[in-house]
Amino acid sequence: MNQRVIPVADLRYAARAPRIPLHAAPPTGHLADRLGRPLHDLRISVTDRCNFRCSYCMPKDVFDKDYAFLPHSSLLSFEEITRTARLFAAHGVRKIRLTGGEPLLRKNLEVLVAMLAALRTPDGVPLDLTLTTNGSLLARKAQALKDAGLKRVTVSLDALDDATFRRMNDADFPVADVLDGINAAQRAGLGPIKVNMVVKRGTNDAEIVPMARHFKGSDVVLRFIEYMDVGATNGWRMDEVLPSASVVARIHAEHPLVPMDANDAGETAKRWRYADGSGEIGVIASVTQAFCRDCNRARLSTEGKLFLCLFANHGHDLRALLRTDHTDAQIAAAIGLIWQGRDDRYSELRGAALSSPSAAPALAAEPAPRRVEMHYIGG
Ligand code: SAM
Ligand code: SF4
Ligand code: SF4
């Protein structure tokens, strides 16, 4: 019988109980994992819900009206998120990105933004506070987010052609409203704005050059992301990945490009500027050119589990510590231990397997427990 199994919300992904060291040394602001990678960037998912059903992230046949999203009581509260973020900042995190699901669906998000904007690094510097959104509610919320202390936004937009975009978001949402959101964010001073386009060969690759042309000469930095095999529901196939090198070649053929240096170690995008001086683009080659070696990002799920890799199949249950009688020093020490034990480098290993054809089919056979979904830990 073809029976549908609905996961119990809090048990949907495996999680380990963090270990608290007996002698908790205070954070030094300089953690390194087993591969020597620092901890600089924390992505916080504030909701697992979304008003879009992008097929590469939340395909409608899985995330339908029967899907069990997390109940409100499972979500970290704003106070819990801020407390956790403060401990991460003490460990060296300098950048926080709010994400989801669709983060602007979380009620009163600007209140959380204001709480996070008050945090400081150990050197007294405010954190680089940013947010990734599908843009659907941005026109309404941009000014309030800016007033609360948000610095920048990244907006996802996969096509300029309305029919293609509506098909990809699978919620019949029009391009014009996202463009309105981008304009509102620009007016509010939430720049420089980045626009992320996930490229799926055969679905929206015809939009690469029109998108580049549209944003060329504006202050918006367009970034092309390779379609990734994240989660276990999007039916990913390698033949639907268009390598970033081809994206660059297609744009370069019409608008010559020159490579640029990275801003930061750990930056995911390779940067290119237009030879005529009219701005830059970025490509994020997460499949064809893995950048695990510099990966300095941790992810906090909506229900307070810490994930060390986008492709992890288990998290570390920080909420269990936050909701029991543990001190900041104990929780910070637990976070330190978790990061020091990290050796994740999934994309690098996937790259090695893909370059050896006999190993490729093994990638499709997922070991249990199942891999975490993007909408739950954020991109
Ligand atoms: N809902 C917000 C949005 O779409 O911007 C924030 C969350 S979304 C999970 C974050 C980013 O992940 C988006 O830019 C989205 O395009 C990207 N993303 C989701 N699934 C992906 C996949 N399978 N491959 C590559 N990028 C993906
Ligand atoms: Fe929603 Fe963003 Fe996922 Fe699209 S990519 S379904 S907008 S969370
Ligand atoms: Fe980082 Fe994991 Fe992505 Fe590698 S695969 S870059 S370790 S998130």
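Please refer to the structure placed before this passage.
My aim in this report is to walk through the structure given alongside it, one point at a time. Bear in mind the structure is a predicted one, so any value in this text is a computation, not a measurement. Numbers given for residues are sequential positions, taken from 1 along each chain in its written order. By the order in which they are written, chains take letters starting at A while ligands take numbers starting at 1. Given that the model is predicted, a residue must reach a pLDDT of at least 70 before its local features are reported, and side-chain atom pairs must reach 80 or more before they are shown or counted; all residues, however, enter totals for whole chains, interfaces and linings. With hydrogens and water excluded, all non-hydrogen atoms of the structure serve as input to the side-chain values.

### Considering the packing of aromatic side chains
Consideration 1: Working definition: a ring pair exists when centres of Phe, Tyr or Trp rings (six-membered ring for Trp) sit within 6.5 Å. Plane angles under 30 degrees give stacked, over 60 give edge-to-face, the rest tilted. Counting across every chain of the model gives 5 aromatic pairs.
Consideration 2: Ring centres of Phe 63 and Tyr 67 lie 4.6 Å apart, and the angle between their planes is 55°; on these two criteria the pair is classed as tilted. Accessibility assignment for this pair places Phe 63 and Tyr 67 in one class, buried.
Consideration 3: Three or more aromatic residues joined by ring pairs form one cluster here, namely Phe 52, Phe 165 and Phe 173.
Consideration 4: In this analysis the charged atom, NZ for Lys or CZ for Arg, is taken to sit over a ring once it is within 6 Å of the ring centre and within 35 degrees of the ring normal. The cationic tip of Lys 200 hangs over the ring face of Tyr 227; the distance from NZ or CZ to the ring centre is 4.8 Å.
Consideration 5: Its guanidinium or amino end placed over the ring of Tyr 274, Lys 216 lies 5.1 Å from that ring's centre, counting from NZ or CZ. Relative accessibility decides the category of a residue: with a 1.4 Å probe and only protein chains considered, values under 20% of the type maximum give buried, values over 50% give exposed, and everything between is partly exposed.

### With respect to the site of ligand 2
Consideration 1: Nearness of a residue to a molecule or strand requires only that one of the residue's heavy atoms be within 4 Å of it. Within the structure, ligand 2 sits among Cys 50, Phe 52, Cys 54, Tyr 56, Cys 57, Met 58, Gly 101 and Asn 134.
Consideration 2: Polar here means any residue outside two lists: the nonpolar Ala, Val, Leu, Ile, Met, Phe, Trp, Tyr, Cys and Pro, and the charged Asp, Glu, Lys and Arg; Gly therefore counts as polar. The residue inventory of the shell around ligand 2, partitioned by class, reads 6 nonpolar, 2 polar and no charged.

### Description of the site of ligand 1
Consideration 1: If you check the shell around ligand 1, you find 20 residues, and the closest are Tyr 56, Gly 101, Ser 156, Val 198 and Met 228.
Consideration 2: Between Glu 102 and ligand 1, the recorded distance is 3.3 Å, taken from a side-chain N or O atom to a nitrogen atom.
Consideration 3: At 2.9 Å, a backbone N or O of Met 228 approaches a nitrogen atom of ligand 1.
Consideration 4: Accessible areas in this description were obtained via Shrake-Rupley with a 1.4 Å probe; residue shielding takes into account the shown protein chains only. Relative to its unbound accessible area of 540 Å², ligand 1 is 95% covered by the protein chains.
Consideration 5: Counting residues per element, the ones that place at least two in the shell around ligand 1 are strand E4 (128-133), strand E6 (194-199) and strand E7 (221-226). Polar contact criterion, stated in full: a pair of N or O atoms within 3.5 Å, where within protein one must be able to donate a hydrogen and the other to accept it, and residues adjacent in sequence count only if both atoms are side-chain atoms. By the criteria applied, helices consist of DSSP H or I runs no shorter than four residues and strands consist of E runs no shorter than two, each listed in order from the N terminus.

### Topic: the pairing of strand E10 (residues 280-284)
Consecutive side chains of a regular strand alternate in pointing toward one face of the sheet and then the other.
Consideration 1: Counted residue by residue, E10 has 4 buried out of 5 residues, so it is predominantly covered.
Consideration 2: Here, strands pair whenever DSSP counts at least two bridges between them. For E7 and E10, the ladder comprises 4 bridges, and the chain directions are parallel. Paired with Ile 225 across the bridge in E10 is Ile 284.
Consideration 3: Strand direction decides the pairing type here: strand E9 (residues 270-274) and E10, joined by 4 bridges, are antiparallel. Residue pairing across strands places Trp 272 opposite Ile 281, the latter belonging to E10.
Consideration 4: Between E9 and the antiparallel strand that follows it, E10, lie 5 residues; Gly 277 among them carries a positive phi value of about 80°.

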